[in-house]
Amino acid sequence: MAKRNWTEDETTLALELYFRIPFGSIGSHNKEIIKLAELLKRTPSSVCMKLMNLAACDPKQQERGVHGLKNGSKLEPKIFNKYANDLASLVYDALKIKTRLTEYDIGQAISTSEIQSVFGVDDLNKIPEGKYKESFIKTRIGQSYFRSAVLAAYNNQCCITGLNNEKLLIASHIKPWNVSDDKTEKTNPKNGLCLNPLHDKAFYKGLITINMDYKIIVSDTLKNSQMDIKTLDWFMSYEDKEIQLPDKAIPDKQFIKYHNKNIYIENL
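Residues numbered from 1 in each chain as written. Predicted model: local features only at pLDDT ≥ 70, side-chain atom pairs only at ≥ 80, totals over all residues. Heavy atoms only, no water.

**A look at the packing of aromatic side chains**
Any two aromatic rings considered together are summarised by their centre-to-centre distance and by the angle between their planes. On inspection of all chains with the given rule, the structure shows 4 aromatic pairs. Ring centres of W234 and F235 lie 5.4 Å apart, and the angle between their planes is 65 degrees; this geometry places the pair in the edge-to-face category. For F235, a relative accessible area of 5% translates into the label buried. A centroid spacing of 5.9 Å and a plane angle of 90 degrees characterise the contact between W234 and Y238, whose relative ring orientation is edge-to-face. (Phe/Tyr/Trp six-rings, centres within 6.5 Å; stacked < 30°, edge-to-face > 60°. Buried < 20%, exposed > 50% of the residue type's maximum accessible area, 1.4 Å probe, protein only.)

Given below as structure tokens:
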């Protein structure tokens, strides 16, 4: 394959993939990387190098000493900064690019039942273009992509217990979805934790939280709840322990502060 410069559209697709897969899985044998390489008519190695260059734009990866190629493209920081806190727009724009490159239908990313319940039709193509349609698509796709991005950041493991069964993992919002900014917070993986269902519920209800040092705090309300001793011991065994921090998109302390102040309940 002849060498050629990466375009803005191609870099956008690479960034969408960067957030969707664990950092440790970047390699030329990764099926998702191979798929993107085939779409872009590039080699898997070329896609891997682009992903590493994008990783070098990530503050978390910079802290870990990750560096891209010395002669990396100026497009990489531009695209990274454009979408880093707005994954809904990233995935929406990436899907639009795919529709131009393939026979992919953007409607495939949203269930027919969702389209039916909101618009009363079963095909997005029947709905007139406009801000409401675009907002709906971004929201639905963003919700799904947020889960993928958060689980990928935590390498598909609960950040408290280390549980790695994807069927039992939840992408929890630190600052709740309903009070988060549509563009910069709702789909921001820095506003997410990968949790098992019980800790997810406890976090959502403010019975546990994490502090500025990413250590787990268990509320007196939960400690004084009626439960068997084994369950209580299980909760307490994680108190004051640091969560397993992600490879990328480390929780933003502004969201932690919000949870500490507005969600966490020390005593009823």
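Next comes the rest of the write-up.
**A word on the nonpolar core**
Across soluble globular proteins, nonpolar side chains have a tendency to be buried as a group. Core analysis: the biggest nonpolar cluster contains 34 residues, and L15, Y18, F19, I26, I33 and L51 have the highest contact counts within it. Of all the elements in the fold, those that place two or more residues in this core are α1 (8–20), α2 (31–40), α3 (44–55), α5 (75–83), α6 (87–101) and α8 (131–153). Those residues in contact with L15 that sit more than four places away from it in its chain are L54, I79, F80, Y83, L90 and Y145. Among the nonpolar cores identified, the runner-up in size contains 28 residues, and F146, L195, I208 and F235 belong to it. (Core = buried A, V, L, I, M, F, W, Y, C linked by side-chain atoms within 4.5 Å. Helix = DSSP H or I, 4+ residues; strand = E, 2+ residues; numbered from the N terminus. Contact = heavy atoms within 4.5 Å.)

**Considerations on the confidence of the model for the protein chain**
Overall, the predicted model of the protein chain reaches an average pLDDT of 86, with 83% of residues at or above 70. Mean pLDDT across the elements of the protein chain ranges from a minimum in helix α7 (residues 112–119), with 44, to a maximum in strand β2 (residues 192–195), with 98. Taken together, the stretch residues 111–122 has pLDDT below 50 and engages in 22 contacts with residues farther than four places along the chain or on a different chain. (pLDDT = per-residue confidence, 0-100.)

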